[in-house]
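Listed below, chain by chain, are the residues.
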Amino acid sequence: MRVNKYISEAGLCSRREADELLLAGRVTINGEVVSTGAKALDGDEVRVDGEIVRARLLGSTPAAKRGVYIALYKPVGITCTTDQGVEGNIIDFVDHQERIFPVGRLDKDSEGLILLTSNGDIVNEILRAENHHEKEYLVAVNKPVTEEFLAGMARGVRIRGQLTRPCRTRKIAKFGFGIVLTQGLNRQIRLMAAAFGYRVTQLRRVRIINVKLGHLKPGQWRNLTDAELKGLLPQRTQW
């Protein structure tokens, strides 16, 4: 199997993060540094940063074990990284008994809904850009929200050399608005608002596709329901 999947199924990290390890030259197979696209065969010795990676699933597999799928209300100050050397990392914060990793990211300065799972395949399927999955946010800013500002945000904004996709916006308060995105550029909403002279003072994600933040309070998490899982990826039959 591809080495990124091998690393993911060993529970070390998601496939996307495994690709980053490969690009950084931190993965070896039988002592040789490999890059993305490399494959691990039965009997191969795969190492990350010199440490052996032992796959849980290779060759014949036992009865499939259901993965872990949770919704967390991430508080401000928690960093969405699996690097447990980072203070305030999300893995130590949740402290789950299973090896889990976040589906995408939410800025350290932002709060709200983030999904975590033990299933690396799910991470990639949900994050795949062409799926155009919706994510909804409630945003507070430092100046009164105007119709011109909302219309400009909705049309798309040029940030870091690229035009953001059209999105939906709505006014919810004098200094607050809601926005639904179908992409996840780094610090996207903050940069979009800044292009119009606004500064984001609070940002909370309240929905990812069909999963809602609901009544969760900062720091609380819950397991996703079967209906939520089916709504996230309708074509998938195994969890």
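The notes below deal with the structure included here. (Residues numbered from 1 in each chain as written. Predicted model: local features only at pLDDT ≥ 70, side-chain atom pairs only at ≥ 80, totals over all residues. Heavy atoms only, no water.)

1. Thoughts on the packing of aromatic side chains
What counts here: Aromatic pairs are defined between Phe, Tyr and Trp rings, using the six-membered ring for Trp, whenever the two ring centres lie within 6.5 Å; interplanar angles under 30 degrees are classed as stacked, those over 60 as edge-to-face, and all others as tilted. Only DSSP runs of H or I covering at least 4 residues are called helices, and only runs of E covering at least 2 are called strands; the numbering of each starts at the N terminus. Throughout, exposure labels follow a simple rule: accessible area from a 1.4 Å probe, protein chains only, divided by the maximum for the residue type, with under 20% read as buried, over 50% as exposed, and the rest as partly exposed. Geometrically, a charge over a ring is one whose NZ (Lys) or CZ (Arg) sits within 6 Å of the ring centre while staying within 35 degrees of the ring normal.
Counted by the stated rule, this structure contains three aromatic pairs. Between Phe-149 and Phe-177, the aromatic rings sit 5.3 Å apart at their centres with planes inclined by 85°, giving edge-to-face as the arrangement. Residue Phe-149 is located in helix 5 (residues 147-155), and its partner Phe-177 is located in strand 12 (residues 176-181); the two are separated by 28 residues in the primary sequence. Judged by its relative accessible area of 0%, Phe-177 is buried. Measuring from ring centre to ring centre gives 4.0 Å for Phe-149 and Tyr-198, while their planes differ by 25°; the resulting arrangement is stacked. A residue pair is termed long-range when its members are at least 10 positions apart, and Phe-149 in helix 5 and Tyr-198 in the loop between helix 6 (188-194) and strand 13 (200-208) qualify at 49 residues. In terms of burial, Phe-149 and Tyr-198 fall into one category: buried. Here the aromatic cluster, defined as three or more aromatic residues joined through ring pairs, consists of Phe-149, Phe-177, Phe-196 and Tyr-198. Above the face of the Tyr-198 ring, Lys-143 is positioned so that its terminal group lies 4.7 Å from the ring centre.

2. Structural notes on the sheet that holds strand 4 (residues 51-52)
Our working definition: By this definition, two strands are paired if DSSP reports at least two bridges between them.
The strand order across the open sheet built from four strands is 2-1-3-4, with neighbouring strands paired in antiparallel fashion. The sheet is open, and its two edges are formed by strand 2 (32-33) and strand 4, each paired on a single side.

3. Quick word on the pairing of strand 5 (residues 69-74)
Among the six residues of strand 5, six are classified as buried, and the element is accordingly described as predominantly covered. As paired strands, strand 5 and strand 7 (residues 111-117) are joined by six bridges and run antiparallel to one another. Within strand 7, the residue paired with Tyr-73 across the bridge is Leu-113. Bridge count for strand 5 against strand 15 (residues 221-223) is three bridges, and the pairing is antiparallel.

4. With respect to the nonpolar core
Cut-off, in case you're wondering: Throughout, nonpolar core names a set of buried Ala, Val, Leu, Ile, Met, Phe, Trp, Tyr and Cys residues whose side chains join them through atoms within 4.5 Å. In this description, contact between two residues means that some pair of their heavy atoms is separated by no more than 4.5 Å.
Residues Ile-90, Val-139, Phe-177, Ile-179 and Ile-189 are the most contacted members of the largest nonpolar core, which totals 31 residues. Breaking this core down by element, the ones donating at least two residues are strand 5, helix 3 (90-94), strand 7, strand 8 (135-141), helix 5, strand 12, helix 6 and strand 13. Sequence-distant contacts of Val-139, that is, excluding residues within four places in its chain, are made with Phe-175, Gly-176, Phe-177, Ile-179, Ile-189, Val-200, Gln-202 and Leu-203. In this structure, Phe-101, Val-206, Leu-224 and Leu-232 belong to the second largest nonpolar core, which totals 21 residues.

5. Digging into the pairing of strand 7
Within strand 7, seven of the seven residues are buried, which leaves it mostly tucked inside the rest of the structure. With two bridges connecting them, strand 6 (residues 101-102) and strand 7 associate as antiparallel partners. Pairing of Phe-101 across the sheet is with Thr-117, part of strand 7. Here two bridges tie strand 7 to strand 13, and the two strands are oriented parallel to one another. Note that in strand 13 the partner of Gly-112 across the bridge is Arg-205.

6. Some remarks on the pattern of salt bridges
When their charged atoms lie close together, side chains carrying opposite charge are able to pair. Convention followed: Here, a salt bridge means any side-chain nitrogen of Lys or Arg that lies within 4 Å of a carboxyl oxygen of Asp or Glu.
Evaluated as defined, the whole model comprises twelve salt bridges. Ionic pairing is found between Arg-26 and Asp-49, a salt bridge with its closest N-O pair at 2.7 Å. Of the two residues, Arg-26 sits in the loop between helix 2 (15-23) and strand 1 (27-29) while Asp-49 sits in the loop between strand 3 (46-48) and strand 4, which places them 23 residues apart along the sequence. Here Asp-107 ties to Arg-187 by a salt bridge, and the two come within 3.8 Å at their closest N and O atoms. Taken together, the residues Asp-107 in the loop between strand 6 and strand 7 and Arg-187 in the loop between strand 12 and helix 6 connect sequence positions 80 residues apart. Take Asp-107: its relative accessible area is 19%, and that puts it in the buried class. Three or more residues are tied together by salt bridges with common partners; here these are Glu-134, Glu-136, Arg-168, Arg-170 and Arg-207.

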